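Analysis of the macromolecular model
One-letter residues, chain by chain:
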Amino acid sequence: MSLSNLKSSRGSSIDKLVQAAEAVSQKAETKSYGDDRFWKPTRDKAGNGYAVIRFLPPKEGEDLPWARYWDHGFQGPTGMWYIENSLTSIGQDDPVGEANAILWNTGRDEDKALARERKRRLHYVSNVLVVSDPSNPENEGKVFLYKFGKKIFDKIMDVMQPQFQDEDPVNPYDFWEGADFKIKIRKVEGWVNYDKSEFGSQSALFNADEEKLEAVYAKVHSLADFTKPENYKTYAELKAKFNKVLGVDAGEVAPEPVVAQTVAEPTMVTESAPVGNTADADEDDTLSYFAKLANES
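Here we summarise the structure given alongside this text. (Residues numbered from 1 in each chain as written. Predicted model: local features only at pLDDT ≥ 70, side-chain atom pairs only at ≥ 80, totals over all residues. Heavy atoms only, no water.)

1. Side note on the pattern of salt bridges
Rule in force here: By definition here, a salt bridge exists when the distance from a side-chain nitrogen of Lys or Arg to a carboxyl oxygen of Asp or Glu is within 4 Å. The way it works is that DSSP assigns letters per residue, a run of H or I at least four long becomes a helix, a run of E at least two long becomes a strand, and they are numbered from the N terminus. Three labels apply to residues, based on accessible area from a 1.4 Å probe with only protein chains included: buried if under 20% of the type maximum, exposed if over 50%, partly exposed otherwise in between.
Taken as a whole and judged by the stated rule, the model has 10 salt bridges. The closest approach of N and O atoms between R54 and D180, which form a salt bridge, is 3.2 Å. Taken together, the residues span a long stretch of sequence, with R54 in strand β2 (residues 49-55) and D180 in strand β7 (residues 179-188) at a distance of 126 residues. We classify D180 as partly exposed; its relative accessible area is 23%. D111 serves as the salt-bridge partner of R108, at 2.7 Å between the closest nitrogen and oxygen. Using a relative accessible area of 45% as the deciding quantity, one classes R108 as partly exposed. What emerges from the salt-bridge pattern is a single network uniting E84, K233 and K241.

Right under this line is the structure:
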């Protein structure tokens, strides 16, 4: 899709994005560790951070400007780490999700606590232009991939589906009628908090200078890798890794059964307050360490 085609077809973009978001809520694997395509806001010692970004439209040939996936990251009783993307990201059964459902359904508090510890974590990835990055000004004006959680995605949906009659829907991914996003990070009761983050006024990026827009659009990354089945490990591979982390041999019975059955994702994924508060926590540094441990296992 050329810039001119993108401009002419943008009229129905909000409806398409809203429908896509609703579809996936009702019914990849490229790690960001050490990947220089990714950007993240910097936080100071107090846990505060500020940056301004502009969400960008999808690469030519791709329908959605975001990719969505889940992963698991936890340490087993062996001391080994399980850091893997969940097959539920591509609509398939996942051994950890099944084990968590079984734990949750026992009704025992200790089992629910363990299931929470091993819960799947939701991530979105979009292309962004860094408008302002006071801590790292060298990033300004560059296109990156940005990984974020449900809190920020909800803010995107809020501007596309405003709740009040005096508000017009805005497609934040639109070059001409989108808006800058101000990332405001605070530490609230020990948790990383994005509540004050907000979209600015609706405006054309670069005052609609098509030469500059073309230059930015040419740098947009493909998001397809995050949801390609071939980029995910198989059920058998993940179950073998899960058993290894638990210290269970393939021929033995796991302390908490892991069976191949179709089970809805347990409601504990979003039930407790601490889980909700950490949905957008900046986990990259911790996960980088986890991934290193997992690779050494």
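2. What to know about the packing of helix α3 (residues 95-105) against helix α4 (residues 109-117)
Note the cut-off: Every angle, taken between N-to-C directions, lies between 0 and 180 degrees, and every axis is a line fitted to C-alpha atoms, over only the stretch in contact when it is a helix. Working definition: roughly parallel below 35 degrees, roughly antiparallel above 145 degrees, roughly perpendicular at 65 to 115 degrees, and oblique for all remaining angles. Crossing handedness is defined as follows: a turn of the near helix away from the far one that is anticlockwise and smaller than a right angle gives a left-handed crossing, while the clockwise case is right-handed. Whether two residues are in contact is decided by their heavy atoms: any pair within 4.5 Å suffices.
Look at α3 against α4: their axes get within 7 Å of each other, and the N-to-C directions meet at 155 degrees. What the angle tells us is that α3 and α4 run roughly antiparallel. As α3 runs across α4, the sense of the crossing is left-handed. Contacts between α3 and α4 involve N100, L103 and W104 on the former and, on the latter, D111, K112, L114, A115 and R116.

3. Quick word on the packing of aromatic side chains
To keep it simple, the criterion reads: Two aromatic rings from Phe, Tyr or Trp, using only the six-membered ring of Trp, form a pair when their centres are within 6.5 Å; if the ring planes differ by under 30 degrees the pair is stacked, by over 60 it is edge-to-face, and anything between is tilted. Our definition puts a charge over a ring when NZ of Lys or CZ of Arg is within 6 Å of the ring centre and also within 35 degrees of the ring normal.
Going through the model one piece at a time under the given rule, you end up with 18 aromatic pairs. On the basis of an interplanar angle of 15 degrees and a centroid distance of 5.2 Å, the ring pair of F74 and Y82 is categorised as stacked. The exposure classification of F74 matches that of Y82, with both residues buried. Ring centres of Y82 and F242 lie 5.8 Å apart, and the angle between their planes is 70 degrees; on these two criteria the pair is classed as edge-to-face. Taken together, the positions of Y82 in strand β4 (residues 81-85) and F242 in helix α7 (residues 235-246) put the pair 160 residues apart, joining distant regions of the chain. The residues Y82 and F242 share a single accessibility class, namely buried. Cluster of aromatic residues (ring-pair linked, three or more members): W39, F55, W66, Y124, Y146, F148, F153, Y173, F181 and F199. Cation over ring: K112 sits above W104, and NZ or CZ is 4.7 Å from the ring centre. Geometry around W70 places R120 over its ring, the cationic atom sitting 3.7 Å from the centre.

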